[in-house]
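# A closer look at the structure
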Amino acid sequence: MKVETKRNPARGANYTELAPVEISASSRVFILTGAGISAESGIATFRDKNGLWEMHAVEDVASPQGWRKDAELVWKFYSERRAQAETCKPNVAHIALGELEKKIGDKLFLCTQNVDGLHELGGSKRVVHMHGELFKSRCEDAKCKVGISREDHALYPTLASIAKCECGSRLRPDICWFGEIPFFMDRISDALDACDLFVTVGSSGAVYPAAGFVRHVNAKRPRAKSIYVGPEEPDNADEFDECRLGKASAVLPGLFRVL
């Protein structure tokens, strides 16, 4: 019979009850960010009430099958997201991570599930976008040699408006859709293997492979500290050493103390 272990309730606490996390000169920090950090800037999320998945079926707008079935609907969805994201600004949580990078440089590995670009606007220079970038497009033909990812802020609300690659195929959003492999997984795995501190900010713990990163660290780096930051505990709360409860904009500015 499988015996389930229960996480110590003391691990989940209001962020004001816990001291800052010390980062030494030798520390290597891996930070994973999810929808929660950008929601505070007004970016629409997927799983909340009235979220994006309430308005659209996943398979219709975020899958290769949906693209083949109705490319116009897919681009209308991402055009609306682009237009909305253009109106949003980074919040103090994004800025705090940009400031942390200035202090510890490449000892910080910042990986995001978000596609909005707010980390860069907040000052971060070394962001790894595992799910792609909203303001980039690429050729729909995976075998195309010229249709590499490119900066693109255009809106494509109709089928006729969809831009073409040099090869003649259509451009698609440079986004990792359901059923596709997230980007940069080799780099991400190497960084997880090397980190001393793992922090997840505003991710539900329900979407894999990102939800499995903390378990990866626990297995490969048993002495590494793992911390979750968010208003509520995530689905995978039992995997973390601490859950610091509070909004990212409240927690992150005072979360770290660089020695």
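Preceding block: the structure.
Residues numbered from 1 in each chain as written. Predicted model: local features only at pLDDT ≥ 70, side-chain atom pairs only at ≥ 80, totals over all residues. Heavy atoms only, no water.

### With respect to the nonpolar core
Residues Ile31, Leu197, Val199, Val201, Leu252, Leu255 and Phe256 are the most contacted members of the largest nonpolar core, which totals 23 residues. Those elements that place two or more of their residues in this core are β2 (21-23), β3 (29-33), α6 (92-104), β4 (108-112), β9 (197-201), β10 (225-230) and α10 (248-251). (Core = buried A, V, L, I, M, F, W, Y, C linked by side-chain atoms within 4.5 Å. Buried < 20%, exposed > 50% of the residue type's maximum accessible area, 1.4 Å probe, protein only. Helix = DSSP H or I, 4+ residues; strand = E, 2+ residues; numbered from the N terminus.)

### Focus: helix α9 (residues 213-220)
Among the residues of α9, those classed as buried are Phe213, Val214 and Val217. All buried residues of α9 lie within an arc of 100° about the axis, which places them on one face of the element. Opposite its buried face, α9 presents the exposed residues Arg215 and Ala219, each directed more than 90 degrees away. Check the buried side of α9 and you find it contacts β3, β4, α8 (185-194), β9 and β10. (Arc of directions from axis to C-beta. Contact = heavy atoms within 4.5 Å.)

### Focus: the pairing of strand β11 (residues 242-245)
As paired strands, strand β1 (residues 12-14) and β11 are joined by three bridges and run parallel to one another. What sits directly across from glycine 12, in β11, is cysteine 243. Where β10 meets β11, four bridges bridge the pair, whose relative direction is parallel. Bridge pairing in β11 places tyrosine 228 opposite cysteine 243. (Pairing = 2+ DSSP bridges.)

### Comments concerning the sheet that holds strand β5 (residues 127-129)
Spatially, the seven strands line up as an open sheet ordered β1-β11-β10-β9-β3-β4-β5, and their pairing is parallel. Of all the strands in the sheet, just β1 and β5 have a single pairing partner and so form its edges. Averaged over all adjacent pairs, the angle separating strand axes in this sheet is 20°, with direction ignored. Here five bridges tie β3 to β4, and the two strands are oriented parallel to one another. Along β4, the bridge assignment pairs isoleucine 31 with leucine 110. Strands β3 and β4 of the sheet are contacted by α6, whose axis makes an angle of about 150° with β4. The sheet contacts of α8 involve β3, β4, β5 and β9, and relative to β4 the element is tilted by about 135°. (Axes fitted to C-alpha atoms, helices over the stretch in contact; angles between N-to-C directions.)

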